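Below, each chain spelled out in residue letters.
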Amino acid sequence: MDVTVGNRHLMHEMNRSLILRAICERGPVSRTALTEIVSLSSATVTNIADELLRRGFIHEAGHEESAGGRRPVLLEFTPQAGYIIGVELMSDKVRAGLVDLGANMGRVQEADITGLPPMAAIARAVEMIETVRRGVDGHARIFGTGIGITGLVEPETGVISEASNLGWRGIPLKSLVEERTGLKTTVENDCNTNALAEMYYGAGQGATDLFCVTIGAGIGAGLVLNGELHRGRDGSTGELGHMVIDVDGPPCKCGAWGCLETLAAGPAILRRTADTIKQGRVSILSEMCGGDTGKLTLEMIIAALDQEDELAVQTARRAGEYVGAGIASVINLINLERVVIAGPVAGLGEHFLSSIRQSVSCRALSVPASRVIVVPACLGREAGIIGPATVQIREIMNSPGSCWV
Ligand SMILES: [Zn+2]
């Protein structure tokens, strides 16, 4: 293809994306209003809108109210124009569900993969994908599969460089799933997929930049800059859990000492609470765990918080202080606009969140600290399926023509 023709194709694709996104975000909208929103000629808008109508990406949704004359036709996005199968690959199970282009999720299939070697676990993931696929109406278009996984993923190849909770290293997950299903497959770190899902369909809506911190057994984060994921060269952006908070702190699995994860992830929170109970602190938590602090769970602490148990409140606030200290350093570094707190530990609720906010305002520089907004995630477990699908939904919105060939 010569350069001029190539440029024309590229320009057309950019205009298509601009118009599709405008209809998705602002619809139902008339062609005239659309022309003003996207600042393109009315001929280009009409031409591309007709193309999107033919392809089923948008539909006509009645007429605009008008004082007189012909009432303009309104255009609206069609989320059911196509589907992505979202897959959440965890250490003990795999979950898969159908997600339409508007991030609406269908029924979820689930299978146990505890202790399975990589190839057997992948075979089970493929089974789940095929089960979801079989449940789809024959006319529906499935554009691909998006997989989210805890671990380091090579951005270009979809190879799992390292997933320590699964014990995987150098597994070419993307190509293995593509070979077996024939579906275009994307593989992304789960903290990144959480960030994308919250950005477009959750607590990040309306923001341009977002830092989404997921806190569970570990701590990770996804960074969205100008609407797109920032992965870094090796895909390791967002390892907030390994930010050193206390140089004399406990040893971390990464080889350093006093990483945020050793102070504020789920296991650290339980350990600290158990130690305090063992030292004789009176708390409803002792009864809840039947006197055996080894049986303490995060759910128990959340339940004790509902009763305003003093130790539970102190636990939530202390964890929030550490997390806030880590976030404050990130704010100083990249002047964050919005921070979303996700994952099971976010269940510690308002005491935890307000402590994060307080810690941020004490520790980050005053101007960025006063402007940043720290909010809880709002998608919950659905993010595990919607997030990986969002990777491909964004690709389609950025380049609708890519799925027509
Ligand atoms: Zn570490």
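Cut-offs and rules
Residues numbered from 1 in each chain as written. Predicted model: local features only at pLDDT ≥ 70, side-chain atom pairs only at ≥ 80, totals over all residues. Helix = DSSP H or I, 4+ residues; strand = E, 2+ residues; numbered from the N terminus. Buried ≥ 20, exposed ≤ 12 C-beta atoms within 10 Å, placed from the backbone. Contact = placed C-beta atoms within 7 Å. Pairing = 2+ DSSP bridges. Domains from an automatic or database assignment. Axes fitted to C-alpha atoms, helices over the stretch in contact; angles between N-to-C directions. Parallel < 35°, antiparallel > 145°, perpendicular 65-115°, else oblique. Left-handed = near helix turned anticlockwise from the far one by under 90°.

Undergrad: Can you break down the overall build of the protein chain residue by residue, with the values?
TA: The helix and strand inventory of the protein chain stands at 14 helices and 16 strands. With the C-alpha coordinates of the protein chain rotated into their principal frame, the extents come out at 80 × 50 × 40 Å. Within the protein chain, buried positions represent 40% of all 405 residues. Excluding contacts between residues fewer than 6 apart, the proportion of contacts in the protein chain whose partners are at least 24 apart in sequence is 60%.

Undergrad: Give me the lowdown on the environment of Cys-362, citing residues and values where you can.
TA: Structurally, the position occupied by Cys-362 is in helix H12 (residues 349–363). Given 12 C-beta atoms within 10 Å, Cys-362 falls into the exposed group.

Undergrad: With reference to specific residues and values, describe the sheet that holds strand S13 (residues 219–225).
TA: Hydrogen bonding along the main chain pairs the strands of a sheet, whether they run parallel or antiparallel. Strand order in the open sheet formed by five strands is S14-S13-S12-S15-S16, with mixed pairing between adjacent strands. Strand pairing shows two members of the sheet lacking a second neighbour, strand S14 (228–229) and strand S16 (373–376), which therefore form its edges. In this structure, strand S15 (residues 338–342) lies alongside S16, joined through four bridges in parallel fashion. Looking at the pairing, Val-340 lines up with Val-375 of S16.

Undergrad: Talk me through the domain arrangement of the protein chain; I want residue IDs and the actual numbers.
TA: Annotation of the protein chain at the domain level lists domain 1 (3–77), domain 2 (82–197 + 383–403) and domain 3 (205–378). Domain 1 and domain 3 are separated by 44 Å when their C-alpha centres are compared.

Undergrad: Can you lay out the sheet that holds strand S10 (residues 168–171) for me, pointing to particular residues and giving the numbers?
TA: The strand order across the open sheet formed by three strands is S8-S9-S10, and the pairing between neighbours is antiparallel. Only two strands of the sheet have a single partner each, and these edge strands are strand S8 (152–153) and S10. Taken together, the two bridges between S8 and strand S9 (residues 160–163) define a ladder with antiparallel strand orientation. Residue pairing for S9: Leu-152 is matched across the bridge by Glu-162.

Undergrad: Go over the packing of helix H1 (residues 3–26) against helix H2 (residues 31–38), please, and point to the residues and values.
TA: Where H1 meets H2, the axes come as close as 10 Å, and the angle between the chain directions of the two elements is 115 degrees. As the angle between them shows, H1 and H2 are arranged roughly perpendicular. Here H1 runs over H2; the crossing is right-handed. Side by side, H1 and H2 meet where Leu-18, Ile-19, Ala-22, Ile-23 and Arg-26 of the first sit next to Leu-34, Ile-37 and Val-38 of the second.

Undergrad: Tell me about unusual backbone geometry, residues and numbers included.
TA: Note that the residue after Gly-27, namely Pro-28, is joined by a cis bond; omega there is 0 degrees. Structurally, Pro-28 can be placed in the loop between H1 and strand S1 (29–30). Phi is positive for Glu-308, close to 55 degrees, though the residue is something other than glycine. Looking at the element boundaries, Glu-308 is found in the loop between helix H10 (298–306) and helix H11 (310–334). The exposure class assigned to Glu-308 is exposed, which follows from the 10 C-beta atoms found within 10 Å. For Asn-335, which is not glycine, the phi dihedral falls at a positive 50 degrees. Looking at Asn-335, the number of C-beta atoms within 10 Å reads 14, which means it is partly exposed.

Undergrad: Go over the pairing of strand S11 (residues 185–189), please, and point to the residues and values.
TA: Counting buried positions over the five residues of S11 gives five, a clear majority of the element. Two strands pair when backbone bridges link them, and strand S7 (residues 142–149) and S11 are joined in this way by five bridges, in the parallel orientation. The residue bridging Ile-149 from the neighbouring strand is Asn-189, located in S11.

Undergrad: Break down the pairing of S13 for me, with residues and values.
TA: Extensive coverage of S13 is indicated by the burial of six of its seven residues. Alignment of strand S12 (residues 210–215) against S13, held across six bridges, turns out to be antiparallel. Looking at S13, one finds that Thr-214 is bridged to Gly-220. Joining the antiparallel neighbours S12 and S13 is a turn of three residues. Once S13 ends, the chain turns through two residues before running back antiparallel as S14, passing Asn-226 with a positive phi of about 50 degrees.

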